[in-house]
Amino acid sequence: MADEFTTTVYRDEDADSSYIESETVAVLGYGSQGHAHALNLHESGVDVIVGLRENSSSWDEAEDAGLRVETPDVAAAEADVVKMLVPDTVQPAVYEAIEDGLDAGDTLQFAHGFNIHYGQIRPPEDVDVTMVAPKSPGHLVRRTYERGEGVPGLIAVYQDATGDAKERSLAYAQAIGCTRAGVVETTFQEEVETDLFGEQAVLCGGVTELMKMGYETLVDAGYSPEMAYFECMNEMKLIVDLIYEGGLMGMWNSVSDTAEYGGLTRGEYVVDEEYAREGMEQVLDEVQDGEFAREWISENQTNRPSYKQLRAAEEDHEIEDVGGRLRDLFAWEAQEDADEKEQVQADD
Ligand SMILES: NC(=O)C1=CN([C@@H]2O[C@H](COP(=O)(O)OP(=O)(O)OC[C@H]3O[C@@H](n4cnc5c(N)ncnc54)[C@H](O)[C@@H]3O)[C@@H](O)[C@H]2O)C=CC1
Ligand SMILES: CC(=O)[C@](C)(O)C(=O)O
Ligand SMILES: [Mg+2]
Ligand SMILES: [Mg+2]
């Protein structure tokens, strides 16, 4: 076991805003990450141009938020930092449209290293190629920034043409709020392989399979769909919040001893050492040897047949219907509570 924490965690005081305050940043894309980065940078005093397609539904939204919007080629040509926040699958095409606008000493920056690591984008040697990757969905990057907080982030330097690539990355991480929480340095390879593995085997793939199978097991045994939804999906947030705040023991100390004993003895009935571990190692193998990347690139070159079929099946799962109806109900009750609380405070 590591006897000391060897990773350096960079915080606000480790970043020098002078590396970004006189720069123009082109944020290409205005989606989950793009809107958060553009607004956070803007509110941190950085000159931002959002790069979007002329028919983009987000164009007006970004302008209404007080941001300048141009097409990606115009934005990139004016910028010192080009931040690739369009979907991974369209980045190579967007890069082709903007590469002539990259000048020596500029930065080409990512929030996920997929296209650099798997050789889909090959930048010129006279620009910095870096990554500042929030380890969080984009909407939380924005929400925490607005609260004066931030989400943890990663920085990585793939190419350091200027000699200042790391300092420029830290300044960017500071401007979007990540150094408020803490930033760790990694490599493009490590970020890509751990991120793809994590979202496939645990965070998005593994956990949702557990939720759906748990729901189906209870409903097939005759229990009500509502009870099955509450137990196997709705309460997951509460449990994960406890783990987020205090680790496994933070959660075990908070749940009942009955849940703790049952979980510690029966968890491996479901996620067993042999098959689950083998499955995880296969996921990692296919990330490391490029099999997943080749499959995902091919899927997008053929108009996503499997993606569309799998997504439609997920939308049709009964848990989505039951959960949707229950969430609407509880959101309404929660809102009523909030209104009531506001009224009480107003009466004080
Ligand atoms: N979603 C997340 O929370 C995280 C995403 N990332 C990475 O951030 C990057 C962006 O991902 P998301 O924000 O999820 O994307 P998204 O799908 O939420 O948003 C994509 C944006 O790009 C625009 N766009 C799409 N095609 C375009 C084109 N051809 N030209 C110009 N604009 C175009 C869309 O209109 C939209 O504004 C990816 O590299 C992703 O891997 C990294 C960490 C977390
Ligand atoms: C939100 C995040 O970190 C993910 C799951 O890796 C992603 O959206 O690609
Ligand atoms: Mg991730
Ligand atoms: Mg990811």
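Residues numbered from 1 in each chain as written. Chains lettered and ligands numbered in written order. Predicted model: local features only at pLDDT ≥ 70, side-chain atom pairs only at ≥ 80, totals over all residues. Heavy atoms only, no water.

A look at empty space enclosed by the protein
Inspection of every chain in the model, using the stated rule, returns one cavity of 30 Å³ or more. As for the largest cavity, its lining consists of Tyr19, Ile20, Glu23, Val81, Thr107, Gln109, Arg168 and Tyr172. Among the residues forming the lining of the largest cavity, the class breakdown is four nonpolar, two polar and two charged. (1 Å grid on protein atoms, 1.4 Å probe; cavity = no way out; pocket = protein on both sides within 12 Å on 5 of 7 lines; lining within 4 Å. Points joined across faces, edges and corners; volume = space filled by probe spheres on them. Nonpolar A, V, L, I, M, F, W, Y, C, P; charged D, E, K, R; others polar.)

A short note on the site of ligand 2
Near ligand 2 the following residues occur: Pro137, Asp195 and Glu199. Note that an oxygen atom of ligand 2 is positioned 2.9 Å from one of the side-chain N or O atoms of Asp195. Within the side chain of Glu199, a nitrogen or oxygen atom sits 2.6 Å from an oxygen atom of ligand 2. Against a free-state accessible area of 260 Å², the protein chains account for coverage of 58% of ligand 2. (Near = heavy atom within 4 Å. Polar contact = N/O pair within 3.5 Å; in protein donor to acceptor, adjacent residues only side chain to side chain. Areas by Shrake-Rupley, 256 points an atom, 1.4 Å probe, with all protein chains shown as cover.)

Section: the site of ligand 1
In the vicinity of ligand 1, 20 residues are found, and the nearest of them are Tyr30, Ser32, Gln33, Asp88 and Pro137. Between ligand 1 and Gly31 there is a distance of 3.2 Å, counted from an oxygen atom to a backbone nitrogen or oxygen. The separation between an oxygen atom of ligand 1 and a polar main-chain atom of Gly138 is 3.1 Å. Out of a free accessible area of 830 Å², ligand 1 has 76% covered by protein chains. When residues of the shell around ligand 1 are traced back to their parent elements, those giving at least two are α1 (32-43) and α4 (91-98). Its residues assigned to classes, the shell around ligand 1 shows 10 nonpolar, eight polar and two charged. (Helix = DSSP H or I, 4+ residues; strand = E, 2+ residues; numbered from the N terminus.)

Description of the layout of surface pockets
Approximately 400 Å³ is the volume found for the second largest pocket. Along its surface, the second largest pocket is lined by 19 residues, and Arg53, Val86, Pro87, Val90 and Val94 are the ones closest to its centre. Those elements that place two or more of their residues in the lining of the second largest pocket are α3 (72-78) and α4. Counting residues per element, the lining of the second largest pocket draws most heavily on α4, at three residues. A per-class count over the lining of the second largest pocket returns 10 nonpolar, six polar and three charged.

Comments concerning the UniProt feature "active site" (unreviewed entry) in the protein
In this numbering, the UniProt entry assigns the feature "active site" (unreviewed entry) to His112. For His112, the position within the fold is in the loop between β6 (107-110) and α5 (114-117). Not counting the four nearest positions on each side in its chain, His112 is found in contact with Asp88, Met131, Glu191, Val192, Asp195 and Leu196. (UniProt positions renumbered as here; feature names shortened; annotations may be inferred. Contact = heavy atoms within 4.5 Å.)

Considerations on the packing of aromatic side chains
Taken as a whole, this structure holds six aromatic pairs when the rule is applied. Taking 5.2 Å as the distance between ring centres and 75 degrees as the angle between the ring planes, the aromatic pair formed by Phe230 and Phe330 counts as edge-to-face. With a gap of 100 residues between them, Phe230 in helix α11 (residues 225-234) and Phe330 in helix α17 (residues 318-347) connect regions that are remote in the sequence. Residue classification places Phe230 among the partly exposed residues on the basis of a relative accessible area of 24%. Accessibility expressed as a relative area gives 39% for Phe330, which makes it partly exposed. Through a chain of ring-to-ring contacts, the aromatic side chains of Phe110, Tyr158 and Phe188 assemble into a single cluster. (Phe/Tyr/Trp six-rings, centres within 6.5 Å; stacked < 30°, edge-to-face > 60°. Buried < 20%, exposed > 50% of the residue type's maximum accessible area, 1.4 Å probe, protein only.)

What to know about the sheet that holds strand β7 (residues 128-134)
Backbone hydrogen bonds are what pair the strands of a sheet, in a parallel or an antiparallel way. What the nine strands build is an open sheet, ordered β1-β9-β8-β7-β6-β5-β2-β3-β4; its pairing is mixed. Edge strands, defined here as strands with exactly one partner in the open sheet, are β1 (9-10) and β4 (68-70). Looking at chain direction, β6 and β7 are connected through four bridges and run parallel. Bridge pairing links Thr107 to Asp128 in β7. Each of β2 (24-28), β5 (81-84) and β6 is contacted by α4, which is oriented at about 160 degrees to β5, the strand it contacts most. (Pairing = 2+ DSSP bridges. Axes fitted to C-alpha atoms, helices over the stretch in contact; angles between N-to-C directions.)

Some remarks on the pairing of strand β8 (residues 153-159)
For β8, the buried fraction is high: five of the seven residues fall into the buried class. Inspection of the sheet shows β7 paired to β8 by six bridges, in the antiparallel sense. Residue pairing in the sheet places Thr130 in a bridge with Val157 of β8. Note: β8 against strand β9 (residues 183-186), four bridges, orientation parallel. Bridge pairing in β9 links Ile155 to Glu185.

Here we look at the packing of helix α10 (residues 205-220) against α11
Helix-helix packing is characterised by the crossing angle of the two axes and by the distance between the axes. At a minimum axis distance of 9 Å, the contact between α10 and α11 shows a crossing angle of 150 degrees. One way to sum up the angle between α10 and α11 is to call them roughly antiparallel. In this structure, α10 crosses over α11, and the sense of that crossing is right-handed. Contact residues: Met211, Gly214, Tyr215, Leu218 and Val219 in α10; Pro225, Ala228, Tyr229, Glu231, Cys232 and Met233 in α11. Split into classes, the residues belonging to the contact of α10 with α11 amount to nine nonpolar, one polar and one charged. (Parallel < 35°, antiparallel > 145°, perpendicular 65-115°, else oblique. Left-handed = near helix turned anticlockwise from the far one by under 90°.)

With respect to helix α6 (residues 138-146)
The periodicity of an α-helix, 3.6 residues per turn, causes residues three or four places apart in sequence to face the same way. Burial in α6 covers these residues: Gly138, Val141, Arg142, Thr144 and Tyr145. Buried positions along α6 lie against α1, β7, α7 (165-175) and α8 (178-181). Gly148 occupies a position one or two residues after α6 and carries a positive phi of about 80 degrees.

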